[in-house]
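# Summary of structural features
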Amino acid sequence: MQKKIIALAIASALAVPAVAMAEATVYGQMNMAYEVIDNGADTALVGTAADSTSNVSSNKSRLGFKGTEDLGNGLTFLWQMEGEVMGDTGANSLFSRNTFAGLSNEYGTGVWGNHDTPYKMASGKTNVFKDTVADNRTIMGAGLHEARLSDVAAYISPDFSGFNFAAAYVGKNDNTLPTPAASTIMSATSISANYARDNYTVSVANQTITQEDKAVVANEGDLTATKLAGTYSMDMFTVALVYEMLSSDVGGPKTENDNVYLSAKFKATDKGTVKFGYTSAGESKTGGATNAGSGATQVALGYDHKLTDNTSVYALYTSVDNDTAATFGLGSKGSTAGIKTVAAGLDPNAIAIGMRMSF
């Protein structure tokens, strides 16, 4: 996790005549897939004329710039500017992803800007279908806790024999998550403790989003999440498990539910990897009473084939089995892939064939 934020050591000098330029690295990813999606019923998908659709999706394709500056006395300034590129439409969202400035020394790293929270990062590597139509984040974190937040001030500790921790605070602002009303403001706290040794990792994380409203008291309350995540690797096989507890008292009595995610990767050949994911949303409870039919499960199976060190092709299948009152769809929140919700009780499914290239 620490490496994700501060791995900025490789840089190339940009020479401009008569102007002194700091070192910078240009990087990015194109992740394009052709999808066939069925919403599970003989009724229309929103915005289409049929119950199934096919389309090209840009799965969080991105372009970024990053660099460091040695300030002396062991202190380093670091920065990053990253945005999403919509390869399917030609549009872009300039610097909407992790974009920040920060300082780092032997005592740790601090960053300020638009950034993933420690809660989100604590289980990021367990999600083997991340940024595809099979992404587990329509269920995990209820979408909100797996979101990137703005106005983040975060600290990441140094590594202490495999252990590190991270903490972040979001001051009161008009952050767009969640958005039940235009007058909503929010703040958030997020912490994680992480341990990595030999062939396993363990993370514990907690996050609270406090929502206030300048006009509607019913929109106020706390959304809280706690999770335990772990991975274990042996030879060509890696498994991961995430257990998550969610609660919300926004707009009324507290609603609670538990989620579980299990993933596995098997390196079948030098270039080929078989992947499996299983996500379960338990039935929620409001005021202690069970909301019947609110649970769901998602399964995903896929194969990645590496063409070069930077480029791979992949194919996958995923489906959601919603209980009678559940409306979970497919694809990560904010992605152009998939359908985020369906009518209650429908069981959407999708297949996708894609190509991913990183630079």
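### So, the pattern of salt bridges
This structure, assessed with the given rule, holds eight salt bridges. The salt bridge involving Asp 131 is made with Arg 62; its shortest N-O contact spans 2.9 Å. Here Asp 131, found in the loop between helix 2 (118-121) and strand 8 (149-156), pairs with Arg 62, found in strand 3 (residues 62-72); they are 69 residues apart in sequence, far enough to count as distant. One exposure class covers both Asp 131 and Arg 62, and it is buried. In this structure, Arg 137 engages Asp 131 in a salt bridge whose closest nitrogen and oxygen atoms are separated by 3.0 Å. Both residues of the pair, Arg 137 and Asp 131, count as buried. Each of Arg 62, Asp 131, Asp 135 and Arg 137 takes part in a single network of salt bridges with overlapping partners.

### Looking at the packing of aromatic side chains
Summed over the entire model, instances satisfying the criterion amount to four aromatic pairs. A centroid spacing of 6.5 Å and a plane angle of 40 degrees characterise the contact between Phe 163 and Phe 165, whose relative ring orientation is tilted. Looking at Phe 163, the relative accessible area reads 32%, which means it is partly exposed. The class for Phe 165 is partly exposed, based on a relative accessible area of 34%. One Lys or Arg, Lys 66, reaches over the ring of Tyr 27 and ends 4.6 Å from the middle of that ring.

### Overview of the environment of Tyr 34
Mapped onto the secondary structure, Tyr 34 falls in strand 1 (residues 25-38). Since its relative accessible area comes to 45%, Tyr 34 is described here as partly exposed. The spatial distance from the C-alpha of Tyr 34 to the C-alpha of Ser 54 is 7.3 Å, given a sequence separation of 20 residues. Among the polar contacts listed, one links the side chain of Tyr 34 to the side chain of Ser 54, at a separation of 3.2 Å.

### Considering the pairing of strand 11 (residues 200-213)
Here strand 10 (residues 184-197) pairs with strand 11 via 14 bridges, running antiparallel. Paired with Ile 191 across the two strands is Asn 206, which belongs to strand 11. What sits between the antiparallel neighbours strand 10 and strand 11 is a turn of two residues, in which Asp 198 has the positive phi angle 50 degrees. For strand 11 and strand 12 (residues 221-234), the ladder comprises twelve bridges, and the chain directions are antiparallel. Of the residues in strand 12, the one forming a bridge with Gln 207 is Ala 225.

Here is what the cut-offs are and how they apply
- Residues numbered from 1 in each chain as written.
- Predicted model: local features only at pLDDT ≥ 70, side-chain atom pairs only at ≥ 80, totals over all residues.
- Heavy atoms only, no water.
- Salt bridge = Lys/Arg side-chain N within 4 Å of Asp/Glu carboxyl O.
- Helix = DSSP H or I, 4+ residues; strand = E, 2+ residues; numbered from the N terminus.
- Buried < 20%, exposed > 50% of the residue type's maximum accessible area, 1.4 Å probe, protein only.
- Phe/Tyr/Trp six-rings, centres within 6.5 Å; stacked < 30°, edge-to-face > 60°.
- Lys NZ or Arg CZ within 6 Å of the ring centre and 35° of its normal.
- Polar contact = N/O pair within 3.5 Å; in protein donor to acceptor, adjacent residues only side chain to side chain.
- Pairing = 2+ DSSP bridges.

So, to be careful, I would describe these as geometric facts and stop short of saying anything about function.
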